[in-house]
Amino acid sequence: MTGAVRTMVLWCPDWPIAAAEIVDGVPAHTPVAVLYANRVVSCSPAARAQGVARGLRRREAQYRCPELTVLGYDPGRDARAFEPVVAAVAEVAAGVQVLRPGACALAARGPARHCGGEAAAAERIIEQVAAECLVESQVGVADGAFAAGLAARAGQLVPPGGTAAFLAGLDVGALGRPPLVDLLRRLGVRTLGAFAALPAADVLARFGADAAWAHRLAAGRDPRPLAVRQPPPDLAVSASYEDPLDRVDAAAFAARGLAARLHERLAAHGLACTRLGIEAVTATGLALHRTWRHDGLLTAAAIADRVRWQLDGWLTPARGDAARPTSGLVALRLVPDGVVRQAGQQPGLWGEAGEGGARADRALSRVQGLLGFGAVVTAFLGGGRSPDDRPRYVPWGEDRPAGDDAPWPGRLPAPAPAVVPPVPVPAEVRDAAGAPVTVSARLALSAPPALLLLDRRRLGVTGWAGPWPVDERWWTDSPRRQARFQLTLADGRAALAALTGGRWEVRAFYD
């Protein structure tokens, strides 16, 4: 006996791609890839058909497939899109555990009894997910969640007692532990069966406790019990109105009571709201939705304020927004899209957060409610190789995209420049003899930089570093190739200069 529980795992292939199609409408039948840290973590079948694979760098992936659509990795998007899939599985069998977005597990005994066998239960779950969520999935059954997850990728039902034989022929990469897998391969251990054949005591002594646990999994001994998923409580509040709300004051009065109900419901569960979804339906059937985020905890008054501001933005006419309703609101719903435990918010060093920050948040949120969600933005540094490529802007209150700050190969070394002009400043760089400094195709300098001509000024160059080459977008009609330098100037400043197409320009200044 292995002690492992007979487990069923549902797996959705290429889930980050499927989630992007569900949430953002990205067509999954086209070449699409999801990147994290500038490497492919998931790709669509159409992209794989053109040579794109997991682990490729972005540049190599786009070289193999020029029409590739590149998306950033967003675990929140993956989790939100997977929740309806989990709910669909829970309609067939209780006790569902989410392993990760795109995979969930449950004990096989219950659904097998109910449906007349494991094969019938697997088929029933796949049909349920397809009917409810329009999502393709596969189910695997084996002794233990680890083996069942691998069986799901093959769409295989491993018979009881056959888990060890099923695992024996699989590559050690299935363990999902890169350092251990690399070491085992260098030692000549390439399959799970070969790894399981090693003495358990020697594995523990040589590789440590985590490797000893992986050794048990490779042998089909997975005694971990499934952690049953508890369905989240329905915290949303809603109201409908026979007389459409077409005035801001009437809508705000109705929203105040709805906000109080939401706050009381959250408090009853020991929760507080950090991100609020506001949904409304007009008399003509137009559905409106907006999400507001707050760095602190939204009180009942703060929830009411944001609902009032948003309703004012929706109902106030004559702002040229085609999405504004032409009739009053007949339904209003508040959804706590992000919640935390009441005791989970860390106060400031001297108590609660300052009133100045709260006033600024209220003022910016008010402007956002009047002018539109995208009218107030926050800047942050994202991915890019040059300082002028890295600024990003997101609407006030929104989270920055996940993975957008991943380090890019060829990015300038620290420290970052302090001043970046909106347009690069034309300049000239000359050597000690007064001749223009040039760079060959092999990045060889014609002479060391000695003089920078900038805005009719002659600035001596006291030091320099570079060149750092950039060769971007070479597969498009507008490629960019440049050599970058850091120049220390005689007036105490430093400049980031670039030679592009035989022309010098200053792209940034250092303090």
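The model shown is predicted, which means the values in this text are computed figures rather than measured ones.

**Let's talk about the pairing of strand E15 (residues 451-454)**
No. 1: Residues Leu-451 and Leu-453 line one face of E15 and the alternating positions Leu-452 and Leu-454 line the opposite face, and both faces are buried.
No. 2: Bridge analysis of strand E14 (residues 425-430) against E15 gives 4 bridges, and the strand direction is antiparallel. In the sheet register, Val-429 faces E15, and the bridge partner there is Leu-452.
No. 3: With 4 bridges joining them, E15 and strand E16 (residues 457-472) adopt antiparallel strand pairing. Of the residues in E16, the one forming a bridge with Leu-451 is Gly-460.
No. 4: Counting the residues in the hairpin turn of E15 and E16 gives 2 residues, including Asp-455, whose phi is positive at 50 degrees.

**Topic: helix H13 (residues 248-268)**
No. 1: Helix length check: H13 (21 residues) gives 30 Å between terminal C-alpha atoms against 30 Å at 1.5 Å per residue, within 8%.
No. 2: One or two residues past the end of H13 sits Gly-270, with phi positive at roughly 70 degrees.

**Observations concerning the side chain of His-215**
No. 1: Its place among the elements puts His-215 in helix H12 (residues 209-218).
No. 2: A residue is classified by how much of its surface remains accessible, and His-215, at 3% relative accessible area, is buried.
No. 3: Dropping the residues within four chain positions of it, His-215 is found in contact with Phe-195, Ala-196, Leu-198, Ala-200, Val-203 and Arg-221.

**Observations regarding the pattern of salt bridges**
Close approach of charged atoms lets side chains of opposite charge pair.
No. 1: Scanning all chains against the criterion turns up 14 salt bridges.
No. 2: Note that Arg-308 and Asp-305 form a salt bridge whose closest N and O atoms lie 2.9 Å from each other. In this pair, Arg-308 and Asp-305 both sit in helix H14 (residues 300-315), 3 residues apart, roughly one turn of the helix.
No. 3: In this structure Arg-308 comes out as partly exposed when scored by relative accessible area, which is 31%.
No. 4: Using a relative accessible area of 18% as the deciding quantity, one classes Asp-305 as buried.

**Focus on a nonpolar patch on the surface**
No. 1: A surface patch of nonpolar side chains, amounting to about 310 Å² of accessible area, comprises Tyr-63, Trp-474 and Trp-475.
No. 2: Here Trp-475 shows up in the loop between E16 and strand E17 (480-489).

**Points about unusual backbone geometry**
No. 1: Cis peptide bonds are those with omega within 30 degrees of zero, and the linkage from Gly-466 to Pro-467 qualifies with 0 degrees.
No. 2: Among the secondary structure elements, Pro-467 is positioned in strand E16.
No. 3: Although it is not a glycine, Asp-14 adopts a positive phi angle of roughly 50 degrees.
No. 4: Along the chain, Asp-14 falls in the loop between strand E1 (6-11) and helix H1 (15-24).
No. 5: In this structure, Asp-455 is a non-glycine residue whose phi angle is positive, near 50 degrees.
No. 6: Within the element layout of this structure, Asp-455 appears in the loop between E15 and E16.
No. 7: Classification of Asp-455 by relative accessible area gives exposed; the value is 53%.

About the cut-offs
Residues numbered from 1 in each chain as written. Predicted model: local features only at pLDDT ≥ 70, side-chain atom pairs only at ≥ 80, totals over all residues. Heavy atoms only, no water. Buried < 20%, exposed > 50% of the residue type's maximum accessible area, 1.4 Å probe, protein only. Helix = DSSP H or I, 4+ residues; strand = E, 2+ residues; numbered from the N terminus. Pairing = 2+ DSSP bridges. Expected span 1.5 Å × (residues − 1). Contact = heavy atoms within 4.5 Å. Salt bridge = Lys/Arg side-chain N within 4 Å of Asp/Glu carboxyl O. Patch = residues over 30% accessible without salt bridge, like charges linked within 9 Å, V, L, I, M, F, W, Y side chains within 5 Å. Areas by Shrake-Rupley, 256 points an atom, 1.4 Å probe, with all protein chains shown as cover.

By themselves these figures say nothing about function.
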